[in-house]
Amino acid sequence: MEVFLKGSADTIDGQGTMTFLNYRDRCFGVTNQHVLGNYVRPTKEKVFHIALRKHIPIPGRLLFKSTKDNPDFPFDIAVFLLDENEIKKGGKIPINLEAEYVPMAEHEQGLAIGFPGIERHVRDSLTMAHPLYHVVAKCISASDRQIILYEELPPPRDKAIRFGGMSGGPIFRLNGN
């Protein structure tokens, strides 16, 4: 019975967002290292799933991870080599990194996309719902190490607004053109 419960609403310890990228005909999944913790590979105790059309174990392997404490690569990042066919079967198209890239600058608008864990809920006995959030905010700081978006929100009236679970999601630069 324990095998059937892995990945169910009652056994999910945390949630993050993974960004799918295509670079030189390879598919990568990028998230934050803090989402993974001490994960290296799937074990009986811990399995990471990607919620595509259904929950599937991560279809690939962890290539690299680093914390902010690593003096050689001080980024909160984890990179997976993925099976692109599995990602596409799940309805996702990886972002092509070889297309033109313009870095985010201060005072520009950014679009952050992800799946806040507070919004995760059981839809029915076989289906979990992970609502997708699109958050637009002004960039107040941008460097090769981090992008900080900030926006004042009016106080919520009917529910808490928390963005935990969006770690690892993409941030897109919105230009005026």
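For every chain, the first residue of its written sequence is number 1, and the numbers climb from 1 along that sequence. This being a predicted model, a pLDDT of at least 70 is required before a residue's local features are given, and a value of 80 or more before pairs of side-chain atoms are given or counted; all residues contribute to the totals for chains, interfaces and linings. Hydrogens are left out, water is left out, and the side-chain values use all remaining heavy atoms of the structure.

A few points about the packing of aromatic side chains
Step number 1: Side-chain rings of Phe, Tyr and Trp, where Trp is taken by its six-membered ring, are said to pair if the distance between their centres is within 6.5 Å; with planes under 30 degrees apart they count as stacked, over 60 as edge-to-face, and otherwise as tilted. Counted under the stated rule, the structure contains two aromatic pairs.
Step number 2: Ring geometry for Phe-64 and Phe-73: centres 5.3 Å apart, planes at 85°, overall edge-to-face.
Step number 3: Members of the aromatic cluster, joined through ring pairs, are Phe-64, Phe-73 and Phe-75.

Overview of the sheet that holds strand S2 (residues 26-31)
Step number 1: For two strands to pair, DSSP has to find at least two bridges joining them. In DSSP terms, a helix is any run of H or I states spanning at least four residues, a strand is any run of E spanning at least two, and both are numbered starting from the N terminus. Strand order across the open sheet formed by five strands is S5-S6-S2-S1-S7, with mixed pairing between neighbours. Of all strands in the sheet, those bounded by a partner on one side alone are strand S5 (60-66) and strand S7 (95-96).
Step number 2: Taken together, the six bridges between S5 and strand S6 (residues 77-82) define a ladder with antiparallel strand orientation. The partner of Phe-64 across the bridge, within S6, is Val-79.

Quick look at the environment of Arg-26
Step number 1: Assignment of secondary structure puts Arg-26 in strand S2.
Step number 2: Assessed through its relative accessible area of 49%, Arg-26 is described here as partly exposed.
Step number 3: The sequence separation of Arg-26 and Leu-81 amounts to 55 residues, and the corresponding C-alpha distance is 7.5 Å.
Step number 4: Contacts are assigned to residue pairs that have any heavy atoms within 4.5 Å of one another. Apart from residues lying up to four places away in sequence, Arg-26 is in contact with Leu-21 and Leu-81. Any residue under 20% of the maximum accessible area for its type is buried, any over 50% is exposed, and the rest in between are partly exposed; the area is computed with a 1.4 Å probe on protein chains only.

A few points about unusual backbone geometry
Step number 1: The backbone of Arg-24 shows a phi angle near 50°, a positive value even though the residue is not glycine.
Step number 2: You will see that His-107, though not glycine, has its phi angle at about 75°, which is positive.
Step number 3: In this fold, His-107 is placed in the loop between S7 and strand S8 (109-114).

Regarding the side chain of Thr-17
Step number 1: Relative to the assigned elements, Thr-17 resides in the loop between helix H1 (2-5) and strand S1 (19-23).
Step number 2: By relative accessible area, Thr-17 is classed as buried at 3%.

Description of the confidence of the model for the protein chain
Step number 1: Each residue gets a pLDDT score, which is the predictor's confidence in that residue and runs from 0 to 100. The share of residues in the protein chain with pLDDT of 70 or more is 90%, and the mean pLDDT across the chain is 83.
Step number 2: Residue range residues 1-5 is modelled with pLDDT below 50. Its contacts to residues more than four positions away, or to other chains, number one contact.

What to know about the nonpolar core
Step number 1: Ranked by size, the top nonpolar core spans 15 residues in total, and within it Phe-80 and Leu-82 carry the most contacts.
Step number 2: No other element matches S6, which puts three residues into this core.
Step number 3: When neighbours within four sequence positions are excluded, Leu-82 is seen to be in contact with Met-18, Phe-20, Cys-27, Phe-28, Gly-29, Ile-58, Pro-59, Gly-60 and Ile-87. Within this scheme, the nonpolar core is defined by two criteria: the residues are buried Ala, Val, Leu, Ile, Met, Phe, Trp, Tyr or Cys, and they are joined through side-chain atoms within 4.5 Å.

Some points on the pattern of salt bridges
Step number 1: For this document, the term salt bridge refers to a Lys or Arg side-chain nitrogen within 4 Å of an Asp or Glu carboxyl oxygen. One pass over the full model with this rule turns up three salt bridges.
Step number 2: Glu-84 is the partner of Lys-88 in a salt bridge, and the nearest nitrogen-oxygen pair spans 3.3 Å. Residue Lys-88 and its partner Glu-84 are located together in helix H3 (residues 84-89), separated by four residues, close to a single helical turn.

Observations regarding the side chain of Gln-33
Step number 1: By the secondary structure assignment, Gln-33 is in helix H2 (residues 33-36).
Step number 2: Overall, Gln-33 belongs to the buried group, its relative accessible area being 12%.
Step number 3: In protein, a polar contact requires one atom able to donate a hydrogen and another able to accept it; more generally it is a pair of N or O atoms within 3.5 Å, and residues adjacent in sequence count only if both atoms are side-chain atoms. A polar contact is formed between the side chain of Gln-33 and the backbone oxygen of Gly-37, at a distance of 2.8 Å.
Step number 4: Once residues lying within four places of it in the same chain are set aside, the contact partners of Gln-33 are Lys-65, Ser-66, Thr-67, Asp-76, Ile-77 and Ala-78.

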